[in-house]
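# What the coordinates show
One-letter residues, chain by chain:
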Amino acid sequence: MSQRPPFSLLELASVREGDSVGTTLANSVAYAQHAEKLGFNRFWLAEHHNMEGISSSATSVLIGHIAGKTARLRVGSGGVMLPNHPPLVIAEQFGTLESLYPGRIDLGLGRAPGTDPITSRALRRDGLGAEQFPDDVARLQTLLGPLQPGQPVKAIPGAGTQVPIWLLGSSLYSAQLAAMRGLPYAFAGHFAPRLYREALKVYRDHFQPSEQLQKPYAMLAVPAVVADTDEEAQWLATTSYQRILALFRGQPLWMKPPVDTMAGLWNAGEEASVRDFLALQILGGPASATQQLDRLLSTVEVDELMFTVDIHDPQKRRHALDILNQA
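What comes next concerns the included structure. (Residues numbered from 1 in each chain as written. Predicted model: local features only at pLDDT ≥ 70, side-chain atom pairs only at ≥ 80, totals over all residues. Heavy atoms only, no water.)

For the rest of this paragraph, the subject is unusual backbone geometry. The linkage connecting Gly78 with the following residue, Gly79, adopts the cis geometry, with an omega of 0°. On the secondary structure map, Gly79 appears in strand 3 (residues 74–81). Going from Ile156 to Pro157, the amide bond is cis rather than trans, its omega being -5°. If you trace the backbone, Pro157 turns up in the loop between helix 5 (133–144) and strand 5 (165–169). With a phi angle near 50°, Ala13 is a residue other than glycine that sits in the positive phi range. With respect to the secondary-structure elements, Ala13 resides in the loop between strand 1 (7–11) and helix 1 (21–38). Given a relative accessible area of 0%, Ala13 falls into the buried group. Backbone geometry at Gln162 places phi at a positive 50°, although glycine is not the residue there. Following the sequence through the fold, Gln162 ends up in the loop between helix 5 and strand 5. According to the relative accessible area criterion, Gln162 is partly exposed, its value standing at 46%. (Helix = DSSP H or I, 4+ residues; strand = E, 2+ residues; numbered from the N terminus. Buried < 20%, exposed > 50% of the residue type's maximum accessible area, 1.4 Å probe, protein only.)

Here the focus is the nonpolar core. The biggest cluster of nonpolar side chains holds 84 residues, and the ones touching the most others in it are Leu107, Leu109, Leu220 and Phe307. Ranked by residues supplied to this core, first place goes to strand 7 (residues 218–226) with six residues. Setting aside residues up to four positions removed in sequence, Leu109 forms contacts with Val80, Leu82, Phe133, Val137, Leu140, Ile165, Trp166, Leu167 and Leu168. (Core = buried A, V, L, I, M, F, W, Y, C linked by side-chain atoms within 4.5 Å. Contact = heavy atoms within 4.5 Å.)

With that out of the way, let us pick up the packing of aromatic side chains. Think of a pair of aromatic rings as described by two things: how far the centres are apart, and how the planes are tilted against each other in angle. A complete count under the given rule lists nine aromatic pairs for this structure. One aromatic cluster is present, formed by Phe7, Phe40 and Phe307 through successive ring pairs. Lying across the ring of Phe7, Arg4 places its NZ or CZ 3.8 Å from the centre. The ring of Tyr241 carries the charged tip of Arg275 above its face, separated from the ring centre by 5.2 Å. (Phe/Tyr/Trp six-rings, centres within 6.5 Å; stacked < 30°, edge-to-face > 60°. Lys NZ or Arg CZ within 6 Å of the ring centre and 35° of its normal.)

So, about the pattern of salt bridges. For the structure on display, the rule yields 14 salt bridges. A salt bridge links Asp19 to Arg16, with the shortest nitrogen-to-oxygen separation between them at 3.0 Å. With a shortest N-O distance of 2.6 Å, Lys201 and Asp205 are connected by a salt bridge. Of this pair, Lys201 and Asp205 both sit in helix 7 (residues 196–206), four residues apart, which is roughly one turn of the helix. One network of salt bridges, in which partners are shared, links Arg42, Arg74, Asp106 and Glu304. (Salt bridge = Lys/Arg side-chain N within 4 Å of Asp/Glu carboxyl O.)

This brings us to the side chain of Thr161. Topologically, Thr161 is positioned in the loop between helix 5 and strand 5. Ignoring sequence-local partners within four residues, the contact set of Thr161 consists of Gly95, Glu98, Ser99 and Leu144.

Burial of strand 2 (residues 42–45) is two-sided: the residues Arg42 and Trp44 facing one way and the residues Phe43 and Leu45 facing the other way are all buried. As judged from the three bridges shared by strand 1 and strand 2, these two strands associate in the parallel manner. Paired with Glu11 across the strands is Leu45, a residue of strand 2. Between the parallel pair strand 1 and strand 2, the chain is carried across by helix 1, and the sense of this crossover is right-handed. Pairing geometry for strand 2 and strand 3, over four bridges, is parallel. Each residue of the ladder has a partner; that of Trp44, found in strand 3, is Gly76. Taking the sense of rotation as the criterion, the β-α-β connection linking strand 2, helix 2 (residues 59–68) and strand 3 turns out right-handed. (Pairing = 2+ DSSP bridges. Right-handed = clockwise from strand over helix to strand, strands pointing away.)

Across the interface, helix 3 (residues 87–100) lies against helix 5 with an axial gap of 9 Å and an inter-helix angle of 40°. As summarised for this structure, helix 3 and helix 5 are arranged oblique, according to the angle between their axes. With respect to the hand of their crossing, helix 3 and helix 5 are arranged in right-handed fashion. In contact with Pro87, Leu88, Ile90, Ala91 and Gly95 of helix 3, helix 5 contributes Asp136, Arg139, Leu140, Leu143 and Leu144. Split by residue class, the contact of helix 3 with helix 5 holds seven nonpolar, one polar and two charged. (Axes fitted to C-alpha atoms, helices over the stretch in contact; angles between N-to-C directions. Parallel < 35°, antiparallel > 145°, perpendicular 65-115°, else oblique. Left-handed = near helix turned anticlockwise from the far one by under 90°. Nonpolar A, V, L, I, M, F, W, Y, C, P; charged D, E, K, R; others polar.)

By the criterion of burial, strand 4 (residues 105–110) is predominantly enclosed, with six of the six residues buried. Burial of the side chains of strand 4 extends over both faces: Ile105, Leu107 and Leu109 are buried on one face and Asp106, Gly108 and Gly110 on the other. For strand 3 and strand 4, the ladder comprises five bridges, and the chain directions are parallel. Paired with Val80 across the bridge in strand 4 is Leu109. At this point the chain moves from strand 3, through helix 3, to the parallel strand 4, and the crossover so formed is right-handed. Pairing of strand 4 with strand 5, which is carried by three bridges, proceeds in the parallel orientation. Its bridge partner lying in strand 5, Leu109 is registered against Leu167.

Take a look at the structure:
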């Protein structure tokens, strides 16, 4: 591979079993600072609600916290789930963040609720679901753009900040919308790998230049568990296997320590489902990781890769970034 794309990180602020949220967020800060030191490009936080074991629900608050503890890293949302929020509130929040940390804030948008229907109603956006997503994106673009004469509703702060808007997706819908609007696009290959090639091709083939973006810019999110040896990486990966298994079973998503074997923890059908979920995973030691990244990048045209790294030990998680960075 002659020229690798920039590397970035997606963070869910995952809580280790027995840890406090405060400890978890301190670990997230140390992780972001290490990524910045290594030259990673972005650090995005994902919005989830009512999920025990994930503490990134107040996404914009955490973005401000991470941005304040770093100096150059771009920090943003991967993503804000727009059906949960009035666009004006998001424009004000991200306009404020951009005013505090100029040139470092990204606004990634998703059209799923990031939670269950009952919690979605508790967020007070009942009836304003995904079908309104294109209109809400357009409202946000207006609110973050230059003030127009006679504009009745203004985002203060927000107006004129031009915070870069990204569309996120795991299907062809958001790829088509991002292409039509001339926005950068991120595909969620870390949990929905099936359509990544088709979605990225649809995006590139149908891209229309816009004021924000003259040519397509696509990012692919993939899971990664890397360590000093293949054997250690395979052992560490049992943390994410247990977590995804818990997700499928509707159980809390605490990060559990690695185990020597998954035998007895899952049945054959569950194992197949977990491995399918992680089909794009980069797994192994330095040589294996390099080989897998080369193979992935030879199959698809992407401008940036974003990794989710589910490793139980915070020190080993930071070390995984060293290995990825050299891959």
